[in-house]
Amino acid sequence: MDIVKNILQYHSVSFVGLEKNSGKTECLNYVLENICSINRNIAVTSIGLDGEKVDSVTKAEKPEITIYKGMIFVTSEKHYLERKIVSEILNVSEVQTALGRLITARAVSDGKVILSGPATTAGIKKIIRDMKQYGIQTTLVDGALSRLSLASPAITDAMILSTGASVSANMKQLLHKTKFALRLINMESVESEMYSRLKHIDRGIMAIDNSGNITDLNIPSALLLHKTEENIFQHGTRFYVPGVITSGLLDYFRIQPQKVDLIVKDFSSVFSSSKSFDSFLKKGNSIKCLYRTQLLAVTINPKAPNGFSYDSNELQYKMHEVLGVPVFDLFQLKNIS
């Protein structure tokens, strides 16, 4: 499979790393470099902040994001001013982020930028939608898996998942974690009518009865669910929780006498262990999501920042065997090309 040509079949594609230093930004850079020679109108943005030279948490150096002439990019005012590229501003949004308004610009030269896009799902969806007016055919989104992020990479049509040695130095554990991520990505989506009714709800816990009536349980966070004194099942046994799904939440539902049909926002909101996830399902409960995306491929980074590394060919083979999806080592592909 040609990873770049496959990406260009979609209107929007997100790049998601299973952990830091798993090669997500390297993957985006590889795709941008190879797309620039193809006659395709491309836009690129990020969920929150990405593209900084030094990781704000680990302090390790990170690859910058290179934009090529003719591409459109969206970033905050702060980071637009710090760009290392010649560009023309197309739009300044009225939406304020922590780093200023969002700037939409077209690259007049090749150069490097820091991408800091919307922090909400609605913001990302609007950018993808707005790109149509500029003739954009594919929008690339540098995604995020974070409890702090309100934006979802699952709203894009397709995604690339990056994993590797930074996730675990134990091959069995690495394969297990990546396979569990794939299971979450492939969660069954909720029926379209219920999606339409729930998609605008972004907080609290909703109960849904057999007639489809939705009741707000007035519980601000799922973390407070176990403290409520009310009978949460009086309005039905189906629940929508748009926030973070933890092991504790699934364990709480698992020990209830009723079987629960749980609806979550998307795969990136699930921060449960695979053990709690499986125990929840084995009890006869079910879980579905509002947003579901198509996984195109998995990329691996066989090297970890601490110096540990896997044999790339062995890791690719075992990963493909376990996942059943295309697996690439981008560092190998770059050397070949």
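For the structure given in this document, a descriptive report is provided here. Every value quoted in this text rests on a predicted model; they were computed, and no experiment measured them. (Residues numbered from 1 in each chain as written. Predicted model: local features only at pLDDT ≥ 70, side-chain atom pairs only at ≥ 80, totals over all residues. Heavy atoms only, no water.)

## Regarding the sheet that holds strand 7 (residues 100–107)
- The strand order 6-7-5-2-10-1-11-19-20 describes an open sheet built from nine strands, whose pairing is mixed. Of all the strands in the sheet, the pair left with one neighbour each is strand 6 (87–97) and strand 20 (327–329). In this sheet, neighbouring strand axes are inclined to one another by 20° on average, regardless of whether the strands run parallel or antiparallel.
- Of the pairings in the sheet, the one linking strand 19 (residues 294–301) to strand 20 comprises three bridges and is parallel in character. (Pairing = 2+ DSSP bridges. Helix = DSSP H or I, 4+ residues; strand = E, 2+ residues; numbered from the N terminus. Axes fitted to C-alpha atoms, helices over the stretch in contact; angles between N-to-C directions.)

## A closer look at empty space enclosed by the protein
- Scanning all chains against the criterion turns up one cavity of 30 Å³ or more.
- If you add up the space inside the largest cavity, you get close to 30 Å³.
- If you go around the largest cavity, the residues you meet are Ser-22, Gly-23, Glu-26, Cys-27, Thr-299, Ile-300, Asn-301, Leu-330 and Phe-331.
- At the level of elements, helix 2 (24–35), strand 19 and helix 10 (330–336) are the ones that each hand at least two residues to the lining of the largest cavity.
- Looking at which element gives the most residues to the lining of the largest cavity, the answer is strand 19, with three residues.
- Of the residues in the lining of the largest cavity, the class split is four nonpolar, four polar and one charged. (1 Å grid on protein atoms, 1.4 Å probe; cavity = no way out; pocket = protein on both sides within 12 Å on 5 of 7 lines; lining within 4 Å. Points joined across faces, edges and corners; volume = space filled by probe spheres on them. Nonpolar A, V, L, I, M, F, W, Y, C, P; charged D, E, K, R; others polar.)

## Comments concerning the side chain of Ser-116
- As for its position among the elements, Ser-116 is in strand 9 (residues 115–116).
- In this structure the side chain of Ser-116 is engaged in a polar contact, spanning 2.8 Å, whose partner is the side chain of His-79. (Polar contact = N/O pair within 3.5 Å; in protein donor to acceptor, adjacent residues only side chain to side chain.)

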